[in-house]
Amino acid sequence: MYHAILDRFPPGFLWGAASAAYQIEGAANKDGKGPSVWDVFSKIEGKTFKGTNGDIAIDHYHRFKEDIALMKEMGLKTYRFSISWSRVFPQGEGEINELGLKFYDQLIDELLKNGIEPMVTLYHWDLPLALEEKYGGWLSRKTADAFVEYARVIMTRYCHKVKYWITFNEQNVFMQLGYRLAAHPPGKSNFKEMIEANHIVNLANARTITLAHQIDPSYKIGPSFGYGPSYPLNSDPNNVLAAMNADAFNNDWWMDVYARGHYPKVLLYQLEKAGLAPTILEEDHTVLKNAHPDFLGMNYYHGGTVQVNRFEQKTKSESKRFDQTDPYQMSAKNAEDLEAKLFETAKNPYLETTQWGWEIDPVGFRIALRKLYDRYELPIIVTENGLGAQDIVEQGKVHDQYRIEYLKSHLLEMKKAITDGVEVIGYCAWSFTDLLSWLNGYKKRYGFVYVDRDDESERTLARIKKDSFEWYKTVIDENGENL
Ligand code: BGP
C-alpha cells in the first residue's frame, strides 16, 4: 500500500520505553523481598552468559529518581516497568511485604510527579520461587489463584494512579523457553506440560483482565505478546501452508485466546489427536470468553521464515536431506512435538541480522501490526522494540548511530501501518537504560542510557546518555513528524 503522505501520529500518542524488574532493580534480597525463580535459575552453572544475574543489575532500586529525572529530560510520555511479585508477596501468596510495596509507591509517585504515565506489567517472568516449590508453578491452578490475588492487591492500591496495565509479558516466550526448551526456569523439556501450564496462565490472564475492569472500568489492560509474523520461503503453496501453520503454532495459539476467548480450532484439533491438548474444564470456557482486553501489547523484534515440513518434503525429489534416522524426525513421529509436522524454519535471504543473529526487519513490523489488527481489531500498544548491540564509550560518549537507524526504520514502518489504518496508541522502545539481558548478560545493550557496568563487575553504575537519547527526545518532541 503506497501513501504519498503519511498520517500524523495521533495526539496523545504514548511515546515510551520499557524495562522489567529483574533486569534493572537489583536489591535482590533487600527490604524483605523473597526469591524468584530467576534468582535461582541464573545461578545454575552454564545457564546464563558468564553466570550474569540480577542481584545488583543496574541498581535501579536505589537510583530510580536519577533514572526518572533522565526520562523527564527525554520527554518520555510513558514508562513501562514490571512489578516483582516476590517483592510484594515474598512467598507468592499470604503475607504482604509493605516495604516492597513502598518501593513501587515511590516509583509510581515519582513518575507521576514528572508527568510520565506509568504502564505496569504485572508479570515479567520472575515467578516467586515459593510457588514453584510448593505447587509446581504454572502447572497448578493454585498459582493462578495466587497471581489473581497479587494482581488484585496491586490494581487496588494503584487505582487512580495507574491506567495502563499489562498482565503477562511474552507468555509464548516464557512458556516455550521454560517448559519446552529448558532455557528459562523451570528448565523443562516437556511439550505436554508446556501446553498445560500455558492453559493455566491463560486462565490467570483472563481472570485478571476481568478483575481489572471490576476494580476500575476505565482501566486499560492487555497482555504483551512476543509477536513475529511468519513468511513462506517462496510462493510454493506448500510453503504458504507452512507459514499458516507457523502462525497458528507461534502466534494464534496465544493471541486467539486473548482476543477471541478460545484456541484456534485447527491447531486444537491437531493437539487433541496427538493427545497433547490442554485440560480444559467446563468453566474455563466462560472465564476465557468473559475477558476483554482493551488493547494488545506487541513486542516486536523479528519474524520468521518457514518452508514445508520435513515429512512432506521427503516425498519431493528435490529434497533428499531427511532420512529415516534423523533423530528429530523420529521424535516428531512419536508426536512428542508437533512443530516438526507443521513447518520447518528457513533462512530469509533478504534480511540482515544483528550482532546476536536476530533478523532486522522493519517491514515485518508493519506486517505484524497489520496482521494483528486485521485479525483482532483491537488497539495495539507496541510494548517492546529495540536493538541489542555492543556499545562502546569513547571519551565519555556513546555514538550509537546503528541504534538510531534501527529505531528510525521501525518507527517509519509503524507510521505507515497507522496510515494503513491500524490503531496504534503507544510505542515503548526496549529499553530506557541498559539492563541485564536474561541470557546474554550486560554486553548486549539496548538502552538510550548507557550504564557503566559489565559482566564481571558493577563498576560505577554511572549513567551516560547515548546519541540515541537526544535523537528519541527529538522524535517525541516532534510527535514523530520528521522520521
Ligand atoms: C524480550 C523480553 C525482554 C528483553 C528483550 C530482549 O523477549 O520481554 O525482557 O529481554 O526480549 O531480549 P534479549 O535480552 O534476550 O536480547
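Residues numbered from 1 in each chain as written. Predicted model: local features only at pLDDT ≥ 70, side-chain atom pairs only at ≥ 80, totals over all residues. Heavy atoms only, no water.

Visitor: Help me understand the packing of aromatic side chains in this model?
Guide: One pair of aromatic rings is described through two measures. These are the centre distance and the angle between the planes. Summed over the entire model, instances satisfying the criterion amount to 41 aromatic pairs. With a centroid separation of 6.3 Å and an interplanar angle of 80°, the aromatic rings of Trp15 and Tyr472 are classed as edge-to-face. Taken as a pair, Trp15 in strand E1 (residues 14-18) and Tyr472 in helix H18 (residues 467-477) lie far apart in primary sequence, 457 residues in all. Tyr472 sits in the buried class, given a relative accessible area of 1%. Summarising the aromatic geometry, the rings of Tyr301 and Tyr446 are spaced 6.2 Å apart at their centres and angled 80° between planes, so their arrangement reads as edge-to-face. Of this pair, Tyr301 sits in the loop between strand E7 (296-299) and strand E8 (304-307) while Tyr446 sits in the loop between strand E11 (424-430) and strand E12 (449-451); the two residues are 145 residues apart in sequence, bridging distant segments of the chain. With a relative accessible area of 10%, Tyr301 lands in the buried category. Grouping aromatic residues by their ring pairs yields a cluster made of Trp85, Phe89, Tyr123, Trp138, Phe147, Tyr150, Phe168 and Phe174. Sitting over the face of the ring of Trp358, Lys444 holds its NZ or CZ atom 3.8 Å from the ring centroid. (Phe/Tyr/Trp six-rings, centres within 6.5 Å; stacked < 30°, edge-to-face > 60°. Helix = DSSP H or I, 4+ residues; strand = E, 2+ residues; numbered from the N terminus. Buried < 20%, exposed > 50% of the residue type's maximum accessible area, 1.4 Å probe, protein only. Lys NZ or Arg CZ within 6 Å of the ring centre and 35° of its normal.)

Visitor: Where do I start with the site of the ligand in this structure?
Guide: Near the ligand, the surroundings consist of 15 residues, among which Gln23, Glu170, Ser437, Lys444 and Tyr446 are the closest. Between the ligand and Gln23, the relevant distance is 2.8 Å, taken from an oxygen atom to a side-chain nitrogen or oxygen of the residue. Considered on its own, the ligand offers 380 Å² of accessible surface; in the complex 91% of this is hidden by protein. Here the residues of the shell around the ligand sort into 6 nonpolar, 6 polar and 3 charged. (Near = heavy atom within 4 Å. Polar contact = N/O pair within 3.5 Å; in protein donor to acceptor, adjacent residues only side chain to side chain. Areas by Shrake-Rupley, 256 points an atom, 1.4 Å probe, with all protein chains shown as cover. Nonpolar A, V, L, I, M, F, W, Y, C, P; charged D, E, K, R; others polar.)

Visitor: Honestly, the nonpolar core in this entry has me stumped. Any pointers?
Guide: Where a protein is soluble and globular, its nonpolar side chains tend to be buried together. Residues Trp138, Met414 and Tyr427 are the most contacted members of the largest nonpolar core, which totals 147 residues. Top contributing element to this core by residue count: helix H9 (residues 191-215), with 12 residues. Excluding its chain neighbours within four sequence positions, the residues that come into contact with Met414 are Phe9, Phe13, Phe365, Leu369, Val382, Val424 and Tyr427. (Core = buried A, V, L, I, M, F, W, Y, C linked by side-chain atoms within 4.5 Å. Contact = heavy atoms within 4.5 Å.)

Visitor: Hey, could you run me through the sheet that holds E11 in this one?
Guide: Each strand in a sheet pairs with its neighbour through backbone hydrogen bonds, running either in the same direction (parallel) or in the opposite one (antiparallel). Judged by pairing direction, the barrel is parallel, and its 8 strands sit side by side in the order E1-E2-E3-E4-E5-E7-E10-E11 before closing back on the first. Adjacent strand axes in the sheet meet at a mean angle of 25° when their direction is disregarded. The pairing of strand E10 (residues 380-384) with E11 spans 3 bridges and is classified as parallel. Paired with Ile381 across the strands is Gly426, a residue of E11. Contacts from helix H10 (residues 237-260) reach strand E5 (220-226) and E7, with the element oriented near 170° to E5. (Pairing = 2+ DSSP bridges. Axes fitted to C-alpha atoms, helices over the stretch in contact; angles between N-to-C directions.)

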